[in-house]
Amino acid sequence: MTCGYPALFLFCGAPTSPIIASPDMKSAIRISSALPVECQTEAQMKDKIRKIVADHARLGVEFERVEHSTNLYRAGMTSFSSVALMIALENEFDLEFPDGMLSRNVFESIDSIADAIERLQQVQS
Amino acid sequence: MSIPQRWLDVQEFTASESFQRALDIAAQHTEDVDRRGRFPSEAVDALRAAGALGWGVPCEYGGAGAKIDDLSEATFELARRCSATGMIFAMHQIQIASIVRHLANSLWFKDYLRRAVREQRLIASATSEVGVGGDMRKSIAALETLPGSSNDRVQFEKKASTISYGAYADDLLTTLRCSPGADSGDQVLVLTNLADTQIKPLGEWDTLGMRGTCSPGFGVQATCLAEQVLPAPFAVIAAETMVPFSHILWAHVWLGIASDAFGRAQHFVRGQARQNPGNTPPSALRLSELSVRMAGFRALLQTALKEYVNLTEGEGRTTLSTVGYAVRINNLKIAASEAAVEVCQNALRVCGFLGYSNSGPYSVGRQLRDAYSAALMIANDRLLATNAALLLVYREGK
């Protein structure tokens, strides 16, 4: 994962994945503001997601029992709390989930969220 | 009773003599059904005679393999004659689709579908529950393993706040938490034969409209085979089938009710025009406004139907679980339920006191009373609140 391109480079060329149809200026600027964020290992990213899930997903079970593969919806996350989670993830990782990614299977576990964020970061970097 | 092995297309079904007879019978009894708040047994029997209850079952299980557009058409035609019959047909087909589209490889359910067609079984649903505040996606009651049954038998007890035609159905689909320790949103769907299910009405069904659906609350208690639990989680069944099927078919019931009211208003205006040839009666202007509203109403449904048909086959099916689709299908329900009331209200203004009368060819009181139920079946306020939250992350704004 590489970080640190100046914002200008983001306007060069087409996105490498169909996930984002057209990265607009706003998302480019947002990403440039994310430059201080250090590159993370997968484990660090999942820990960070885990903390955000703990704060926002309002699960009905004890959080200690939640593993990376636990289905968060089955653990009590509602569509309302999933929206709060999505917004918190966007803030913490400084990105925007495109509409096509706002799907139940993307947010169903810490693993699937990490996978989605990684894909987005690859496209946006 | 002979049931056709396979309908070639929707026209063959809706134009069939036996379905036309069901439509006539529905129309013939609609006023009595409404006045007495009774189940439209004549029309439902006629639908059985036409084989219509098995229509949504795939041909391989003996059904007609009808898709949602065929079912919408039939629902609309029925609801124009008798809203209760239209709603009962719609709800039954929603239950059939929930089974057909999520049975995976369950032999029990495949066998059940064959039986459902052969015996023209009517399925009701107990997705509501006292104490969950109208949220279908939450359950209090849970499925338990029957003690000493080595996990092959299960039992449950549930207080459903409403079960439409619960006292007249053959089988019941019930939402439950998947186990006593499960979260309220971790649900499954269980099919039980009502002959083996204890159900006790919890109250009366004496309502403003939709009186013939006979939908009081019921206490439900049953023991059944573990195989009678649909293999897919209810979350998936709801997102991919039950919610879109419900909103699309219900919307066709409401379009049917509105069309009936519009047709009465149109007859009224024609009658006025005939009394005074050469002059366009003042009520004609309001009727023309109403026809604009009806055109929008129909277009709304056609768009939703087309999108669902496109998405529902193959890979598009996962799109049904996205925030964007949830927003759009909720919008359909809200818009259609409001359009139905608006059309009936304006038809009343066109017809005046002849419309206000409880009888006669221009009476639209029943249609208006029925239409008022639309905003309450899954409360519009709940859907608006859901969309308000979803729109915080969904940006496209389609």
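Residues numbered from 1 in each chain as written. Chains lettered and ligands numbered in written order. Predicted model: local features only at pLDDT ≥ 70, side-chain atom pairs only at ≥ 80, totals over all residues. Heavy atoms only, no water.

Here we come to the overall build of chain A. The helix and strand tally for chain A stands at four helices and zero strands. Element order for chain A, N to C, with α for helix and β for strand: α-α-α-α. Expressed as a percentage of the 125 residues in chain A, the buried residues total 41%. The contacts in chain A between residues at least 6 apart in sequence include a share of 63% that link residues at least 24 apart. Counting only carbon and sulfur atoms, one obtains 54% of the accessible surface of chain A, whose full area is about 6800 Å². (Helix = DSSP H or I, 4+ residues; strand = E, 2+ residues; numbered from the N terminus. Buried < 20%, exposed > 50% of the residue type's maximum accessible area, 1.4 Å probe, protein only. Contact = heavy atoms within 4.5 Å. Areas by Shrake-Rupley, 256 points an atom, 1.4 Å probe, with all protein chains shown as cover.)

Secondary structure assignment for chain B yields twelve helices and seven strands. Each principal axis of the C-alpha distribution contributes one length, and for chain B these read about 80 × 55 × 45 Å. A total of 398 residues make up chain B; the buried ones form 57% of that total. In chain B, the proportion of contacts linking residues at least 24 apart, taken out of those at least 6 apart, comes to 75%.

Glancing now at the packing of aromatic side chains. All names here are of chain B. This model, assessed by the stated rule, comprises eight aromatic pairs over all chains. Between Trp108 and Tyr112, the aromatic rings sit 5.8 Å apart at their centres with planes inclined by 5 degrees, giving stacked as the arrangement. Residue Trp108 and its partner Tyr112 are both found in helix α6 (residues 107–118); the two are separated by four residues, about one turn of the helix. The residues Trp108 and Tyr112 share a single accessibility class, namely buried. Look at Phe353 and Tyr356: their rings are 5.7 Å apart centre to centre, the planes differ by 85 degrees, and that puts the pair in the edge-to-face class. (Phe/Tyr/Trp six-rings, centres within 6.5 Å; stacked < 30°, edge-to-face > 60°.)

With that settled, the discussion passes to the interface of chain A and chain B. Often, the extent of an interface is quoted as the loss of accessible area on bringing the components together. The interface of chain A with chain B comprises 17 residues on the first partner and 19 residues on the second. Summing both partners gives a buried area of about 1600 Å² for chain A against chain B, and 58% of it is carried by carbon and sulfur. Per-residue buried area on chain A facing chain B is highest for A:Arg74, A:Asp99 and A:Arg104; these three make up 35% of the total on that side. Our count for the chain A to chain B interface comes out at three salt bridges. The salt bridge involving A:Glu96 is made with B:Arg395; its shortest N-O contact spans 3.6 Å. (Buried area = accessible area lost by both parts, 1.4 Å probe. Salt bridge = Lys/Arg side-chain N within 4 Å of Asp/Glu carboxyl O.)

Okay, the pattern of salt bridges next. Residue and element names in this part refer to chain A. Tallied over the full model, the rule gives 25 salt bridges over all chains. Between Asp111 and Lys46 there is a salt bridge whose closest N-O contact spans 2.8 Å. With Asp111 in helix α4 (residues 110–124) and Lys46 in helix α2 (residues 42–56), this pair connects stretches of sequence that are 65 residues apart. For Lys46, a relative accessible area of 11% corresponds to the buried category.

A separate point is the nonpolar core. Counting 115 residues, the largest nonpolar core has B:Ile99, B:Trp254 and B:Phe297 as the members making the most contacts within it. Ranked by residue count, the leading element in this core is helix α7 (residues 234–275) of chain B, at 19 residues. Filtering out sequence-adjacent residues up to four positions away, B:Phe297 remains in contact with B:Ala251, B:Trp254, B:Leu255, B:Ala258, B:Ala336, B:Ala339 and B:Ala340. Among the nonpolar cores identified, the runner-up in size contains 36 residues, and A:Ile49, A:Phe107, A:Ile113 and B:Val327 belong to it. (Core = buried A, V, L, I, M, F, W, Y, C linked by side-chain atoms within 4.5 Å.)

This brings us to the packing of helix α2 (residues 17–36) of chain B against helix α3 (residues 41–49) of chain B. Residues and elements named next belong to chain B. For the pair α2 and α3, the least separation of the axes is 8 Å and the interaxial angle reads 175 degrees. In terms of orientation, α2 and α3 fall into the roughly antiparallel class. Together, Ser18, Phe19, Ala22, Ile25, Ala26 and His29 of α2 and Glu42, Ala43, Ala46 and Leu47 of α3 make up the contact between the two elements. Each residue belonging to the contact of α2 with α3 can be placed in one class, and the counts come to seven nonpolar, two polar and one charged. (Axes fitted to C-alpha atoms, helices over the stretch in contact; angles between N-to-C directions. Parallel < 35°, antiparallel > 145°, perpendicular 65-115°, else oblique. Nonpolar A, V, L, I, M, F, W, Y, C, P; charged D, E, K, R; others polar.)

Now for the sheet that holds strand β4 (residues 171–177) of chain B. Residue and element names in this part refer to chain B. Judged by pairing direction, the sheet is mixed, and its three strands sit side by side in the order β1-β4-β5 without closing on themselves. Where the open sheet ends on each side, the last strands, each with one partner, are β1 (123–126) and β5 (187–193). Strand after strand, the sheet turns through a mean of 25 degrees between neighbouring axes, direction not considered. Two elements, β1 and β4, share four bridges in a ladder whose sense is parallel. Counterpart to Ala124 in the pairing with β4 is Leu172. Against the sheet, helix α5 (residues 83–100) contacts β1, β4 and β5, and its axis sits at roughly 80 degrees relative to β1. (Pairing = 2+ DSSP bridges.)

Right, let's get into the packing of α7(B) against helix α9 (residues 323–351) of chain B. Residues and elements named next belong to chain B. Viewed as axis vectors pointing N to C, α7 and α9 meet at an angle of 15 degrees, and their least axial separation amounts to 9 Å. Here α7 is positioned roughly parallel relative to α9, judged by the angle of their axes. In this structure, α7 crosses over α9, and the sense of that crossing is left-handed. When grouped by side-chain class, the residues that make up the contact of α7 with α9 number 22 nonpolar, three polar and two charged. (Left-handed = near helix turned anticlockwise from the far one by under 90°.)

Take the confidence of the model for chain A next. The predicted model of chain A averages 73 in pLDDT, with 67% of residues at 70 or higher. This stretch, residues 1–38 of chain A, has a pLDDT under 50; its non-local contacts, to residues over four places away or in other chains, come to 39 contacts. (pLDDT = per-residue confidence, 0-100.)

Looking now at α2(A). Residues lying three or four places apart along an α-helix face the same way, a consequence of the helix completing one turn every 3.6 residues. With 15 residues, α2(A) extends 21 Å from end C-alpha to end C-alpha; this agrees with the ideal 21 Å at 1.5 Å per step. Looking at the buried residues of α2(A), the elements they touch are α3 (79–93) and α4 of chain A. (Expected span 1.5 Å × (residues − 1).)

Turning our attention to the sheet that holds strand β2 (residues 144–145) of chain B. All names here are of chain B. Read from one edge to the other, the open sheet built from four strands follows the order β2-β3-β7-β6, with strand pairing classed as antiparallel. Pairing within the sheet leaves two strands with one partner each, and these edge strands are β2 and β6 (197–201). Where β6 meets strand β7 (residues 218–225), five bridges bridge the pair, whose relative direction is antiparallel. By the bridge assignment for β7, Lys200 is matched with Gly219.

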